[in-house]
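Listed here are the chains, written in short residue letters.
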Amino acid sequence: MLDSRLRKINYLRLSITRVCQLRCVYCSHFFAEEHNVLSVEDIGTLVSSAADLGINKVRITGGEPLLRPDLEEIIERISSISKVTDIPVTTNALGLEKRIEHLRLAGMTRLNISIDSLNREKYLQITGFDGLESVKKAIALALEMAIPLKINVVVMPGINDDEADSFITFAKENPLDVRFLQLMPFSGKESANADRTFFENIIADRPWLTYVGNDGGGVADLYAADGFRGRVGLIRPLSKSFCQYCNRIRITSDGKLRPCLGGEHEVDLMPFMKDSQRLREEIFSAVYSKPSAHCFNGGFVSSRGMRDIGG
């Protein structure tokens, strides 16, 4: 499926809930209530139609997807769609160790785990929850099970940017990617022109890290060094846009298709769930009109938070 800029769109980020048990300082300070959440049947219908148009990778996001008790059923339903070959899950990993085997058996192919500090007290400060040890257990179990794993670290100047070397050491010692993410303007408090010194200096200050490529559409620039079992990634959409390579769309937990994270345009797909032809037409039309680039550097702040849109 091509958009009007001839970008091949084959990646769907599917939010299955807006609820999360954490209160991360860059996300929100309220416990979101669920509303109009997609059912397993709705998800099957949406993903099947998207797959007919060329989607072959479906990432499950939230909120926190582990808060859906039917997550295994959702993954199993998606994995039954033959055209979908990759089903990663993005999670905060709280409670993951109890379900990880069932998720893998259902069809989960990879994991992205969000963890913004390796220090227990700082993790509590950032998230409002004393859960670091649970997350570490889940990471250890995923590595033991050889599930491909990425660690996502949102960089917050003055809060956790002093932990860069601890995370780099974690990538050195373990076969995984540690990816530093630029803080995005979603809560209404951050600025798109926030301090970018961390991303400007992290490699310059560590010349022994060498560039080894990028992962998937130029999203993360990857670095490693001799003796590393893993890699270090930089994702900096505000200072190094990858819009020209973007291959993704998003569907929110209430059934809205959002062609671009950094724009307000959404298409409500729910009215077309019983008409497969019209549903495919609406998806195709939304994808075709996907904008050429995000609007963050123009002062845009989304009216919906990441918890509403999907991580």
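None of the values given here were measured: they were computed from a predicted structure. (Residues numbered from 1 in each chain as written. Predicted model: local features only at pLDDT ≥ 70, side-chain atom pairs only at ≥ 80, totals over all residues. Heavy atoms only, no water.)

1. Examining the packing of helix H1 (residues 40–52) against helix H8 (residues 276–288)
Two elements in contact, H1 and H8, have axes separated by 9 Å at closest approach and are oriented at 65°. Remark: the crossing between H1 and H8 carries right-handed chirality. Where H1 approaches H8, its residues Thr-45, Leu-46, Ser-49, Ala-50 and Asp-52 are matched on the opposing element by Ser-276, Leu-279, Arg-280 and Ile-283. Here the contact of H1 with H8 is composed, by residue class, of four nonpolar, three polar and two charged. (Axes fitted to C-alpha atoms, helices over the stretch in contact; angles between N-to-C directions. Helix = DSSP H or I, 4+ residues; strand = E, 2+ residues; numbered from the N terminus. Left-handed = near helix turned anticlockwise from the far one by under 90°. Contact = heavy atoms within 4.5 Å. Nonpolar A, V, L, I, M, F, W, Y, C, P; charged D, E, K, R; others polar.)

2. Describing the side chain of Asp-254
Summarising the element assignment, Asp-254 is placed in the loop between strand S10 (248–251) and strand S11 (256–258). For Asp-254, a relative accessible area of 9% puts it in the buried group. A distance of 2.4 Å separates the side chain of Asp-254 from the side chain of Thr-252, its partner in a polar contact. A polar contact is formed between the side chain of Asp-254 and the side chain of Lys-256, at a distance of 3.4 Å. (Buried < 20%, exposed > 50% of the residue type's maximum accessible area, 1.4 Å probe, protein only. Polar contact = N/O pair within 3.5 Å; in protein donor to acceptor, adjacent residues only side chain to side chain.)

3. Structural notes on the pattern of salt bridges
The final tally for this structure, using the stated rule, is 18 salt bridges. One salt bridge connects Arg-7 with Asp-3, and the closest N-O pair in it is separated by 2.7 Å. Across the pair, Asp-3 and Arg-7 agree in class, each one buried. For Asp-52, the salt bridge is made with Arg-280, and the minimal N-O distance between the two is 3.7 Å. Linking Asp-52 in helix H1 with Arg-280 in helix H8, this pair joins segments that are 228 residues apart in sequence. (Salt bridge = Lys/Arg side-chain N within 4 Å of Asp/Glu carboxyl O.)

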